[in-house]
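Examining the three-dimensional arrangement
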Amino acid sequence: MSHLRAAAARGLRRSGGTAARPAGQSRKGASPRGGTSAPVPAPPPAQHLFSDPSEIDTLRGNLLAWYDKSKRDLPWRTLAATEPDADRRAYAVWVSEIMLQQTQVATVIDYYNRWMQKWPTLQALAQASLEEVNELWAGLGYYSRGKRLQEAARKVVTELGGQMPRTAEELQKLLPGVGRYTAGAIASISYGQATGVVDGNVIRVLCRLRCIGADSSSPAVIDRLWDMANALVDRSRPGDFNQALMELGATVCMPKAPLCGECPVRQHCRARRRVEKELAFASQKLFGKPAPVPDVEDCGFGDCPLCPPATEPWDSSLGVTNFPRKAAKKQPRVARTATCVLERRGCHGALEYLIVQRPSSGLLAGLWEFPSLALAQGLQEEQQREVLADHLQACTGRPVAAGELRLIGEVSLELEMHTVIHVFSHIHQTYVVYSLPLDGDVTLDPALSPSRWVTEEEFHTSAVSTAMKKVLKACEKQRGKDSDRGKVGIAGGYTAPGAAPCCCGPWCAVLETHGL
């Protein structure tokens, strides 16, 4: 375990200049109930800080000059630069920052443009329904973000008189779902507040600039990075500086293949300096003039809480990508769910699917999905089929035999049946997909959850998750295979034995005859 992790485990955190400690553990030189002040941890060595004002000024100037020349043309930046109304400007930045959390810029652009066209103001968003929000958000992932964004917009309209808070501190305090980073981004970009930001891109840039090799996800390191970001931010152009720092991490100082030769602040990068020292050492060794290579931190401070731990030394093959370092990711929780695509023939023979709405809280809150049931671990396929049949029978009020359920899957090159798998950031979710053709109209008990029949087009425009779209795609792929074998009914679907071709029965033929 690194020195920093050990410190974090001991509760060492910066809070009012004192160090926290586990309950019941006495401070050195004091009893558990003593009155002696806890020792203040020593500040990190200058190697890990920006302490030279002239260097800070140079870094700011170089970074902003590069940003002015190289920044990407993004819709939220255009709005932030051209919108004269402070509340609308802050709203435009806020929406972009929420969408960009854990999501790539290229994915966000289309969602952002559609969102701002539909709800250009806080007032418009506050009047929208959660169903509308979920429908537009569908496919963007992390669906609770959209819900919290709307809740916060309603609070601004109903409790704050329609005016956005004007400082990072008030934004974080008053708006649900707005954390320290989002508050800093809104305040600096929209209002010109000289406050820094720390996101994944900024963490990577700062850790490389100052050779911070301790666990970058630990609270102690994050605190130091915030101090550094606040010290570096340009006082006259804080919003542009923060965006420039993030832009640098996104386009140049990338995780695996950084473009160090294009970096506008490479002369300030101590990770790069380390690489250059190693190259010089290799050159001297080649010519028979070996010279000692300083330790990676070069800080001359024993047991430094920001240097790489002794157990994880510098890897010459990685270069600057030695930084940042993170704790090993926890294994995601494994979950299995049986999902049934219930099908019927609607009017004019169109294939329709039954979807149900998830609860209003929890994972994927308020989204629509095919009838599903969480499975206990270790169930055999026959047992999965039986519990799903019982669940569907309880929901629909009609008998459902396990043998009626058709297992859907794809055959891999190894000739193995597989399920549709979608990985959430914290759950490895496996959907075991079945299908069941039905005749006539069937709905679920409204006391359990809302349900409705939708066409394929309506399904894709509904608030459904990417996982459910993958489920439907698997069914359609299987139907295509059946069609090739001549085992499907009319219009590319299939009908249960003895089932009516449509929920309307003979009336469909009458409607079609009259062109209706």
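Here, the structure is the one placed above.
Now for a quick tour of the structure.

Criteria and cut-off values
- Residues numbered from 1 in each chain as written.
- Predicted model: local features only at pLDDT ≥ 70, side-chain atom pairs only at ≥ 80, totals over all residues.
- Heavy atoms only, no water.
- Helix = DSSP H or I, 4+ residues; strand = E, 2+ residues; numbered from the N terminus.
- Buried < 20%, exposed > 50% of the residue type's maximum accessible area, 1.4 Å probe, protein only.
- Contact = heavy atoms within 4.5 Å.
- Areas by Shrake-Rupley, 256 points an atom, 1.4 Å probe, with all protein chains shown as cover.
- Expected span 1.5 Å × (residues − 1).
- Arc of directions from axis to C-beta.
- 1 Å grid on protein atoms, 1.4 Å probe; cavity = no way out; pocket = protein on both sides within 12 Å on 5 of 7 lines; lining within 4 Å.
- Points joined across faces, edges and corners; volume = space filled by probe spheres on them.
- Salt bridge = Lys/Arg side-chain N within 4 Å of Asp/Glu carboxyl O.
- Axes fitted to C-alpha atoms, helices over the stretch in contact; angles between N-to-C directions.
- Parallel < 35°, antiparallel > 145°, perpendicular 65-115°, else oblique.
- Nonpolar A, V, L, I, M, F, W, Y, C, P; charged D, E, K, R; others polar.
- Core = buried A, V, L, I, M, F, W, Y, C linked by side-chain atoms within 4.5 Å.
- Polar contact = N/O pair within 3.5 Å; in protein donor to acceptor, adjacent residues only side chain to side chain.
- Phe/Tyr/Trp six-rings, centres within 6.5 Å; stacked < 30°, edge-to-face > 60°.
- Disulfide = S-S within 2.5 Å.

Brief notes about the overall build of the protein chain
Each helix and strand counted, the protein chain has 18 helices and ten strands in total. Scored against the burial criterion, the 516 residues of the protein chain give a buried share of 45%. Within the protein chain, counting contacts between residues at least 6 apart in sequence, those at least 24 apart form 68% of the total. Summed over its atoms, the accessible surface of the protein chain is roughly 25700 Å², and 54% of this surface lies on carbon and sulfur atoms.

What about helix α17 (residues 466-484)?
The end-to-end C-alpha distance of α17, which contains 19 residues, comes to 27 Å, matching closely the 27 Å that a straight helix rising 1.5 Å per residue would cover. By the burial criterion, the buried members of α17 are Ala 467, Met 468, Val 471, Leu 472, Ala 474, Cys 475, Gln 478, Arg 479 and Asp 482. Taken down its axis, α17 places every buried residue within 150° of arc, on the same side. Those residues of α17 that are exposed and angled more than 90 degrees off the buried face are Lys 473 and Asp 484.

Things to note about helix α13 (residues 238-251)
Since there are 3.6 residues in each turn of an α-helix, residues three or four apart along the chain are aligned in direction. Relative to the 20 Å expected for 14 residues at 1.5 Å per residue, α13 spans 20 Å between its end C-alpha atoms, a close match to the ideal helical length. Restricting attention to buried positions, one finds in α13 the residues Pro 238, Gly 239, Phe 241, Asn 242, Gln 243, Ala 244, Leu 245, Met 246, Glu 247, Leu 248 and Gly 249. Elements in contact with the buried residues of α13: α2 (53-70), α3 (75-82), α10 (180-191), α11 (200-209) and α12 (219-232).

Description of empty space enclosed by the protein
A complete count under the given rule lists five cavities of 30 Å³ or more for this structure. What the largest cavity holds in volume is close to 130 Å³. Contributing to the lining of the largest cavity are 14 residues, with Arg 208, Cys 253, Cys 260, Cys 263 and Cys 269 lying nearest its centre. The dominant element in the lining of the largest cavity, judged by the number of residues it contributes, is α11, at three residues.

Regarding the pattern of salt bridges
Within the structure shown, the criterion is met by 16 salt bridges. Ionic pairing is found between Asp 68 and Arg 237, a salt bridge with its closest N-O pair at 2.7 Å. Of this pair, Asp 68 sits in helix α2 while Arg 237 sits in the loop between α12 and α13, and the two are 169 residues apart along the sequence. The exposure class of Asp 68 is partly exposed, given its relative accessible area of 42%. The salt bridge involving Arg 237 is made with Asp 240; its shortest N-O contact spans 2.9 Å. Of the residues examined, Asp 240 reaches a relative accessible area of 25% and is grouped as partly exposed.

Some thoughts on the packing of α3 against helix α5 (residues 105-118)
The contact between α3 and α5 brings their axes to 9 Å, and the two run at 50°. By the criterion of interaxial angle, the relationship of α3 to α5 is oblique. In this structure, α3 uses Pro 75, Trp 76 and Leu 79 to contact α5, whose residues at the interface are Val 105, Val 108, Ile 109, Tyr 112, Asn 113 and Met 116. Taken together, the residues of the contact of α3 with α5 break down into eight nonpolar, one polar and no charged.

A few points about the nonpolar core
One recurring pattern in soluble globular proteins is that nonpolar side chains are buried together. If you look at the biggest cluster of nonpolar residues, it comprises 107 residues, and the most contacted ones within it are Tyr 91, Trp 94, Met 99, Trp 115, Met 164 and Phe 370. Discounting chain neighbours no more than four positions away, the residues touching Met 99 are Val 108, Tyr 111, Tyr 112, Trp 115, Trp 137, Leu 140 and Arg 145. If you look at the next biggest cluster of nonpolar residues, it comprises 16 residues, including Ala 389, Val 432, Tyr 434 and Val 442.

Comments concerning the side chain of Arg 60
Along the polypeptide, Arg 60 turns up in helix α2. Given a relative accessible area of 13%, Arg 60 falls into the buried group. Within the local environment of Arg 60, its side chain forms a polar contact with the backbone oxygen of Leu 232, the two atoms lying 2.7 Å apart. Not counting the four nearest positions on each side in its chain, Arg 60 is found in contact with Ala 231, Leu 232, Val 233, Asp 234, Arg 235 and Phe 241.

Digging into unusual backbone geometry
Excluding glycine, a negative phi dihedral is what most residues carry, and trans is how most peptide bonds are arranged. Cis rather than trans, the peptide bond between Phe 323 and Pro 324 has omega equal to -5°. Within the fold, Pro 324 resides in the loop between α14 (270-286) and β1 (333-345). One non-glycine residue, Tyr 142, lies in positive phi territory at about 50°. Looking at Tyr 142, the relative accessible area reads 38%, which means it is partly exposed.

Observations regarding the packing of aromatic side chains
This structure, assessed with the given rule, holds six aromatic pairs. Pairing Trp 314 with Phe 323 gives two aromatic rings, centres 5.8 Å apart and planes at 50°, and the pair type is tilted. Accessibility classification places Trp 314 together with Phe 323 in one group, the buried group. Their ring planes at 75° and their centres at 6.3 Å tell us that Tyr 353 and Phe 370 sit as a pair that is edge-to-face. On the criterion of sequence distance, the pair formed by Tyr 353 in strand β2 (residues 351-357) and Phe 370 in the loop between β3 (368-369) and β4 (372-375) is long-range, its members being 17 residues apart. For Tyr 353, a relative accessible area of 1% gives the class buried.

Some details on the state of the cysteines
Tallied over the full model, the rule gives zero disulfides. Take Cys 211: it sits in no disulfide, and the sulfur closest to it among the cysteines is that of Cys 269, at 7.0 Å. Free of any disulfide, Cys 269 has its nearest neighbouring cysteine sulfur in Cys 260, separated by 6.4 Å. Classification of Cys 269 as buried rests on a relative accessible area of 11%.

Considerations on the side chain of Gln 384
Relative to the elements of secondary structure, Gln 384 occurs in helix α15 (residues 381-396). Residue Gln 384 is classed as buried on the basis of its relative accessible area, which comes to 4%. Reaching out from Gln 384, the side chain makes a polar contact with the side chain of Arg 336 at a distance of 2.8 Å. With sequence-adjacent residues up to four places away left out, Gln 384 is seen in contact with Arg 336, Leu 375, Leu 379, Val 432 and Tyr 434.

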